[in-house]
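One-letter residues, chain by chain:
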Amino acid sequence: MDIQLKKKPWYIRFRYYLLAAVLFVALVIYAVIQASGPRRYRVNLETIQTAEAVQGDFLEYVDVEGIVQPILTLRVNATEGGTVARIVAGEGEQLEKGDTILVLENPAVTRSISDQQDEYARQLTTFREKDIEMEQQRLTLRRQALQTRYELERLEKSFRLEEEEYRMGIKSKAQLELARDEYHYKSATAELEMEGLKHDSAVAVIRRQLLHDELRRAREKYERERERLADLVVRAPISGQLSMVSAVPGQSVPSGSQIAEIKVTDRFKIHASLNEYYVDRVTTGLPAVIRQQQQSYPLRVSKVVPEVKERTFDVDLLFTDSLPDNLRPGKSFRVQIELGQPEKALLIPRGNFYQQTGGRWIYKLNADRTRAVKVPITIGRQNPLQYEVTDGLQPGDWVITTGYENFGDAEELVL
């Protein structure tokens, strides 16, 4: 005899379906909650860097690579053109001022000097002949002047004697008048002769001066030509290292062309190229420093070339105190050029968040540092190590400074 089985309740028979439905509804509710809440992203602490916002001294400076250069590089030009006869000094040699670099030869200059020497000799001979002639003329004029003065004195004495004889009754009045007229005539004639002699003497002095000037000009012209001969020997204008000679024996060198280069090697400068962003901030006199092996070497900006080429401009810096031991032309150093005085500011370290956010926001950690949320901030000045935060953070706040390329558009990070 068959036994009738008792039918199970529906919730037992459909329990798996009910469980699946409950799980589905739960997942839908979870998804809705997640979609309606902030977007989160889980982050491993080992893959990011965090930093504390601190109140400290902010020094605005620019860090740039500088190249050691001689303080002065002087180009040596050929004052006189010619053909290179021989090269005396080679590249790399240390020269003293006045040392010979190379020797030129120029037959045209030699002929010109010879012609000027002959001309000067001719002028000198002419001057001596005319000088002797004028000296003889001067003596003649002095003799004539002496004779004229003697005649004038003799006439005066004769007239005085005529007057005495007239008073004594020896001479008549008519004879006295005749003697007086003759005396006045001869006196006037003698005075005219004296005036003529003075004029001739003045003319002789002027002629002599003109001859002296002409001879002097001839001598100066001859000396200038001789200087051209000296210019054929190219010498070092300063002491230093001969860094370049751009001539070979037999080469024709035109006047004014560069044939050598000398570098002053007892003093150095630092040359650097800065980004155009700083062209209005960097001026002469700004302090700078080189830090090497725990030592600092101060400098100052001595020259700024404001012309921007390929988005950079050039500056030169001079050492103001001690020099590094390994200072050599061409060696590079990291130079920090200070753009102002240290000022109190809220600071955070540099990080790649700036490239991803443009400095407009950052992830700030909560008190127990388990989560981080976006907060808007304002970045002020910056240097190679720090950013100045002018708004959005307080001293003691912790922020995430790296890893932003992986966070996407997450509003909240779970650490």
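**Some remarks on the layout of surface pockets**
Then step 1. One number sums up the size of the largest pocket: a volume of about 150 Å³.
Then step 2. The biggest single contributor to the lining of the largest pocket is strand 4 (residues 61-70), with three residues.
Then step 3. Residue composition of the lining of the largest pocket, by class: five nonpolar, two polar and three charged.

**Notes on the confidence of the model for the protein**
Then step 1. In this model, the protein carries a mean pLDDT of 80, and residues with pLDDT of at least 70 account for 92%.
Then step 2. Ranking the elements of the protein by mean pLDDT puts helix 1 (residues 10-13) last with 58 and strand 16 (residues 312-319) first with 91.

**Things to note about the packing of aromatic side chains**
Then step 1. Overall, the coordinates contain ten aromatic pairs when judged by the stated rule.
Then step 2. Plain terms: the ring middles of Phe353 and Tyr404 are 6.1 Å apart, the flat faces sit at 45° to each other, and that makes the pair tilted. With Phe353 in helix 5 (residues 353-357) and Tyr404 in the loop between strand 23 (398-400) and strand 24 (412-414), this pair connects stretches of sequence that are 51 residues apart.
Then step 3. Note on Tyr404 and Phe407: the rings are 5.4 Å apart at their centroids and 55° apart in plane angle, and the pair reads as tilted.

**What about the environment of Tyr120?**
Then step 1. Along the polypeptide, Tyr120 turns up in helix 3 (residues 107-167).
Then step 2. Along the backbone, Tyr120 and Arg216 are 96 residues apart, and their C-alpha atoms lie at a distance of 9.3 Å.
Then step 3. Dropping the residues within four chain positions of it, Tyr120 is found in contact with Leu215, Ala218, Arg219 and Tyr222.

**Notes on the environment of Arg291**
Then step 1. With respect to the secondary-structure elements, Arg291 resides in strand 14 (residues 287-292).
Then step 2. Through-space distance from the C-alpha of Arg291 to that of Phe333 is 8.6 Å; in sequence the pair is 42 residues apart.
Then step 3. Among residues more than four places away in sequence, those in contact with Arg291 are Ser296, Arg334 and Gln336.
Then step 4. At 3.4 Å, the side chain of Arg291 and the side chain of Gln336 are in polar contact.

**Quick look at unusual backbone geometry**
Then step 1. Residue Glu310 is not a glycine yet carries a positive backbone phi of 55°.
Then step 2. Summarising the element assignment, Glu310 is placed in the loop between strand 15 (295-309) and strand 16.
Then step 3. The class for Glu310 is exposed, based on a relative accessible area of 79%.
Then step 4. Here the phi dihedral of Arg311 falls at roughly 70°; this positive angle occurs in a residue that is not glycine.
Then step 5. Residue position: Arg311 is located in the loop between strand 15 and strand 16.
Then step 6. Its relative accessible area of 60% is what places Arg311 among the exposed residues.

Thresholds applied
- Per-chain numbering applies: the sequence of each chain, read as written, is numbered from 1 onward.
- In keeping with the predicted nature of the model, local features appear solely for residues at pLDDT of at least 70, side-chain atom pairs appear and are counted solely at 80 or more, and the whole-chain, interface and lining totals rest on all residues.
- Remark: hydrogens and water are excluded; side-chain values derive from all non-hydrogen atoms of the structure.
- A 1.4 Å probe that fits but cannot get out identifies a cavity on a 1 Å grid over protein atoms alone, an open set with protein on both sides within 12 Å along at least five of seven lines counts as a pocket, and a residue lines either if it has an atom within 4 Å of a point.
- Grid points are joined across faces, edges and corners, and a volume is the space filled by probe spheres set on the points.
- Put simply, DSSP marks the helices as runs of H or I at least four residues long and the strands as runs of E at least two long, and each gets a number from the N terminus on.
- Ten residue types, Ala, Val, Leu, Ile, Met, Phe, Trp, Tyr, Cys and Pro, are classed as nonpolar, four, Asp, Glu, Lys and Arg, as charged, and the remainder, Gly among them, as polar.
- Values of pLDDT, which run from 0 to 100, indicate the predictor's confidence residue by residue.
- Working definition: rings of Phe, Tyr and Trp (its six-membered ring) pair if their centres are within 6.5 Å, and the pair is stacked with planes under 30 degrees apart, edge-to-face with planes over 60 apart, and tilted otherwise.
- Residue contacts are defined here by distance: any two heavy atoms, one from each residue, within 4.5 Å place the two residues in contact.
- Whenever two N or O atoms come within 3.5 Å, that pair is a polar contact, provided that in protein one can donate a hydrogen and the other can accept it, and provided that, for residues adjacent in sequence, both atoms are side-chain atoms.
- Note on exposure labels: buried denotes an accessible area under 20% of the residue type's maximum, exposed denotes more than 50%, and partly exposed covers the range between, all computed with a 1.4 Å probe on protein chains only.

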